[in-house]
Amino acid sequence: MDWKEKAIKMLKDSLSPIPTELNELDWKSGLSCKTDRLAQHISAFANNKGGGVLVYGVNDDGSCFNLSREDIKTIVQKMGNIAKNNLEYSIPISHSVMKFNGYDLLFIYIPEQHDKPVVLRGHNIFDSYLRSAGQTVKMSRDQVKEMIATSKGVTFEERLALSDLTKGQILQYLDYKSFFELVGRDVPNTTDSIVNRLSEYNLCHGNNGIWGITNLGALLFARDLKDFPKLRGREVIVRKYSGKNNRSQEFEQHGTYGYAVGFEGLIDFIMQNTGKESIGVKREIIPTYPQIAIREFVANAIVHQDFGIKGLPVTIEIFSNRLAITNAGAPLNDINRLIDLPPQSRNEELAQTMFLLGICEKRGSGIDRAISAIEQMFLPAPKFTKGEQHTRIFLYPQKKFKDMIKDEKVSACYQHACLKYENGEYINNLSVRERFELTKNDSSIASRIIADTVEVGLIKPVDPETKSKKFMTYLPYYV
């Protein structure tokens, strides 16, 4: 697929069902007189994986309009001059006028650059920009350093968290016994054999007898994350509040261990503090949320966090009416497409290692399994939100159907359609009734939910010509 085909597809995805700008695409209603701001957009797209596209002829509300020949000529000339003269080095850009929904729109393509970050001319290296949550924003100093290292082929996971160590010190800092337990192997008898196996998983590196622990090794298997100053603020935090807001906090717990070492304990801790105690013959905790959903969403937050953003550790907040899981970094995929699109990870080696260790599900199946488990407990649909610097997921406890608002019913219906489609099936009145625990006599209620979801553009009929609503089936809008 060339850039033009991809641009048309991205514009279509950004406008429907809910108009929202993407990291890879920015709508423009006119040519800004602020040359520096336009240079920032070019910098951001040139730094973006896969580059990006500016689309002229689209208003802020997502409506389109025709551009005149004179407008097109002026925009192309000015953007070309900025790309050539206002950045550290000349950026080659392409343009094309294409029809979209009957309108003549101007698409300007800025390819990703190999030598990154791309900086504004006359500025220092830290005046670089990126795309986040559909916006052009200035990089933090850590994000700049991260991009420089990555462009040189050194990922965050490969960099050293501690250096100038002996093999014995490697074993002091890393919980190697947990590593061998997770990979299903017996612990070797010698220090050399243990360290060599850790090195095979890129948890440590050695050269001429001098060893270092990688960020990957420390993040996953640290006995105490405080031993690694470079990773300060990367622990997982759990907070519990006594009500619906954060004004009255019961406790705050900071994780000590590496993610792999402490993961099962973390999930158990969350389950205990979100469940309800039942006192019968013996005391037991009745889960409020499915464990598989909490496992997947917490693992997702860990894997997809942006290590270039400081001050935003992975945080789990427990309220009386919801559970919020937050990680640094805007989502790389459209939040409406998290079920069907294959996941994109900022930290590929971290994601792959957590999968090999059995902490994460098979790539692309975890969100499906989590939402399926939520459906099986008849809980409200989880809510995915994004900001320029963060991603947040909300889980909600059981709620009576009569207490659910329209948006909650629509979200649940849409996610239900996504799950069904991933299984090669379609939703209908019966399946929607089953999703909401409705009876046969509630067919009209299920029809109303379906109609509301169709109205906002999240689902569509498989066959619009079907005459009977009873036999009508539906699929997600993106199919």
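These numbers come from a predicted model, not from an experiment.

Caption draft 1: Region of the structure containing the nonpolar core. Counting 88 residues, the largest nonpolar core has Ile170, Leu198, Phe297, Val298 and Ile316 as its most contacted members. Those residues within four positions of Ile170 in sequence are excluded, and the remaining contacts are Leu165, Val195, Leu198, Cys204, Trp211, Gly212 and Ile213. Membership of the second largest hydrophobic core comes to 22 residues, among which are Ala46, Ala83, Val118 and Tyr129.

Caption draft 2: View of the environment of Cys33. With respect to the helices and strands, the residue Cys33 is situated in the loop between strand 1 (25-28) and helix 2 (35-47). Once the C-alpha coordinates of Cys33 and Lys78 are considered, the two residues, 45 residues apart in sequence, prove to be 9.9 Å apart.

Caption draft 3: Structural view of helix 4 (residues 141-151). Here helix 4 has its buried residues at Gln143, Val144, Glu146, Met147 and Ala149. Buried positions along helix 4 lie against helix 2, strand 5 (129-132) and strand 6 (135-138). Looking one or two residues beyond helix 4, the residue adopting positive phi is Gly153, at roughly 90°.

Caption draft 4: Inspection of the environment of Lys240 at higher detail. Mapped onto the elements of the fold, Lys240 is located in strand 10 (residues 237-241). Accessibility expressed as a relative area gives 18% for Lys240, which makes it buried. Through-space distance from the C-alpha of Lys240 to that of Ile318 is 4.6 Å; in sequence the pair is 78 residues apart.

Caption draft 5: Spotlight on the sheet that holds strand 7 (residues 160-165). Read from one edge of the open sheet, 3 strands run 7-9-8, paired in antiparallel fashion. The sheet is open, and its two borders are formed by strand 7 and strand 8 (204-207), each paired with just one other strand. If you compare each strand with its neighbour and ignore which way they point, the axes differ by 20° on average. Relative to strand 9 (residues 210-214), strand 8 runs antiparallel, the two sharing 4 bridges. Bridged to Asn207 within strand 9 is Ile210.

Caption draft 6: Structural context of the packing of aromatic side chains. Taken as a whole and assessed by the stated rule, the structure comprises 13 aromatic pairs. Taking the centre distance of 4.8 Å and the plane angle of 20° together, the rings of Tyr241 and Phe319 count as stacked. Residue Tyr241 is located in strand 10, and its partner Phe319 is located in the loop between strand 14 (315-318) and strand 15 (323-328); the two are separated by 78 residues in the primary sequence. Note on Tyr241: relative accessible area 5%, which makes it buried. An aromatic cluster is built from Phe179, Phe180, Tyr201 and Phe221, whose rings are joined through pairwise contacts. The cationic tip of Arg141 hangs over the ring face of Phe126; the distance from NZ or CZ to the ring centre is 3.8 Å.

Each value, and the rule that gives it
- Residues numbered from 1 in each chain as written.
- Predicted model: local features only at pLDDT ≥ 70, side-chain atom pairs only at ≥ 80, totals over all residues.
- Heavy atoms only, no water.
- Core = buried A, V, L, I, M, F, W, Y, C linked by side-chain atoms within 4.5 Å.
- Buried < 20%, exposed > 50% of the residue type's maximum accessible area, 1.4 Å probe, protein only.
- Contact = heavy atoms within 4.5 Å.
- Helix = DSSP H or I, 4+ residues; strand = E, 2+ residues; numbered from the N terminus.
- Pairing = 2+ DSSP bridges.
- Axes fitted to C-alpha atoms, helices over the stretch in contact; angles between N-to-C directions.
- Phe/Tyr/Trp six-rings, centres within 6.5 Å; stacked < 30°, edge-to-face > 60°.
- Lys NZ or Arg CZ within 6 Å of the ring centre and 35° of its normal.

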